Amino acid sequence: MDPEEAEHLLAPAARPDHDAVAAAIERRLQAEKEKAAAAAQPSSFDGKHERRQEFRRMIDPGILRPNPRPLALESLQTLLKLAQNIIDHPGEEKYHRFKPTNATIKRVLVDPRGTLEYAVALGFHPQVENFQPYYIFNKRYFEDLKIGAAMIKEALERELVKEERDQRRRADEKAAHDAAVAKVKQAFYDDRKGRAVVDERERIARAAAVANRATGSPAPAPIADHRPKRRMPGSGHTLSGDVIHVDEDERDNGAVARADYDDEE
């Protein structure tokens, strides 16, 4: 066998490009993952999308905007309870009706704007039994009932978070206001207390002064002046025209000078 041929046969086969293989595997896995996610997630524009949008519009602006916020939230919670009772107990007829003349139902479903219309959209329709008005659920609307209940849950999850945040903000504002009021009151009380102390001291001082005047207490003696008194040496005239002379001996001894009077001319 030719040595070159033998060397060619013994040479290892060409290895594939590992980077290209890894990239191909990654692309295939990504495509399969996207396909599975698309299959698992229903399209937002399926046959029920428009119905969900109708229920959302009935909630906001239909119920939330024209009614007081606490009443609107309570009404939505009542509607959800009516729907959820039927979903959880589809065979129990007692959950399939409500009476509009009931005081609570009238306050949260009949009187507010948009709430009774939502109940009708869920499948409740007015009927009269034994001369009594009722709203009775029609089982043909069970799918609408589930969609409407889901939309109420969606709205309540959003609105209750906002309501809790607003309540916390109002509580913080009230606490800050109360603290400021308490601080002002304390400053007022401290000022009154300090003023009372000053007034009491002034009262005691005035009483002591009156008592001293009543008892005639002598004024304190003046302090004696023990400094040595010396006359300045020399002579001069007094206001009356007298001439005062101080001799050398008196100047030396520091005694008072003797006054001489001149004869009138």
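Every value quoted in this text rests on a predicted model; they were computed, and no experiment measured them.

Draft legend 1. Molecular detail of the overall build of the protein chain. For the protein chain, the helix and strand inventory stands at eight helices and six strands. Along the chain direction, N to C, the helices and strands of the protein chain fall in the order α-α-α-α-β-α-α-β-β-α-β-β-α-β. With 265 residues in all, the protein chain has 20% of them scored as buried. Sequence separation of at least 24 residues holds for 56% of the intrachain contacts in the protein chain that already meet a minimum separation of 6.

Draft legend 2. Spatial organisation of the side chain of His96. Here His96 lies in the loop between helix H4 (69-88) and strand E1 (97-98). Looking at His96, its side chain comes within polar contact range of the main-chain oxygen of Pro90, at 3.0 Å. The contact partners of His96, leaving out residues within four places of it in the chain, are Ile86, His89, Pro90, Phe124, Tyr135, Ile136, Phe137 and Lys139.

Draft legend 3. The packing of helix H6 (residues 115-122) against helix H7 (residues 142-215), seen in detail. Packing of H6 against H7 brings their axes to within 8 Å, and their N-to-C directions diverge by 140 degrees. Taken together, the axes of H6 and H7 lie oblique to each other. Counted together, Tyr118, Ala121 and Leu122 of H6 and Asp144, Leu145, Gly148, Ala149, Met151 and Ile152 of H7 form the full contact between these two elements. Class assignment of the residues belonging to the contact of H6 with H7 gives a composition of seven nonpolar, one polar and one charged.

Draft legend 4. Representation of the sheet that holds strand E3 (residues 132-137) in the model. Spatially, the three strands line up as an open sheet ordered E1-E3-E2, and their pairing is antiparallel. In the strand order of this sheet, the two ends are held by E1 and strand E2 (124-129), each with one partner. Inspection of the sheet shows E1 paired to E3 by two bridges, in the antiparallel sense. Looking at the pairing, Arg97 lines up with Ile136 of E3.

Draft legend 5. The arrangement of the packing of aromatic side chains in detail. Evaluation of the coordinates by the stated rule reveals four aromatic pairs. Between Phe98 and Tyr135, the aromatic rings sit 5.2 Å apart at their centres with planes inclined by 0 degrees, giving stacked as the arrangement. Here Tyr135 lies in strand E3 and Phe98 lies in strand E1, a separation of 37 residues in the sequence. Pair check on accessibility: Phe98 and Tyr135 agree, each one buried. Joined through ring pairs, the aromatic side chains of Phe98, Phe124, Tyr135 and Phe137 make up one cluster. Directly above the aromatic system of Tyr134 lies the positively charged group of Arg97, at a separation of 5.2 Å from the ring centroid.

So, how was this worked out
Residues numbered from 1 in each chain as written. Predicted model: local features only at pLDDT ≥ 70, side-chain atom pairs only at ≥ 80, totals over all residues. Heavy atoms only, no water. Helix = DSSP H or I, 4+ residues; strand = E, 2+ residues; numbered from the N terminus. Buried < 20%, exposed > 50% of the residue type's maximum accessible area, 1.4 Å probe, protein only. Contact = heavy atoms within 4.5 Å. Polar contact = N/O pair within 3.5 Å; in protein donor to acceptor, adjacent residues only side chain to side chain. Axes fitted to C-alpha atoms, helices over the stretch in contact; angles between N-to-C directions. Parallel < 35°, antiparallel > 145°, perpendicular 65-115°, else oblique. Nonpolar A, V, L, I, M, F, W, Y, C, P; charged D, E, K, R; others polar. Pairing = 2+ DSSP bridges. Phe/Tyr/Trp six-rings, centres within 6.5 Å; stacked < 30°, edge-to-face > 60°. Lys NZ or Arg CZ within 6 Å of the ring centre and 35° of its normal.

Honestly, that's just the spatial picture; any functional story needs more than this.
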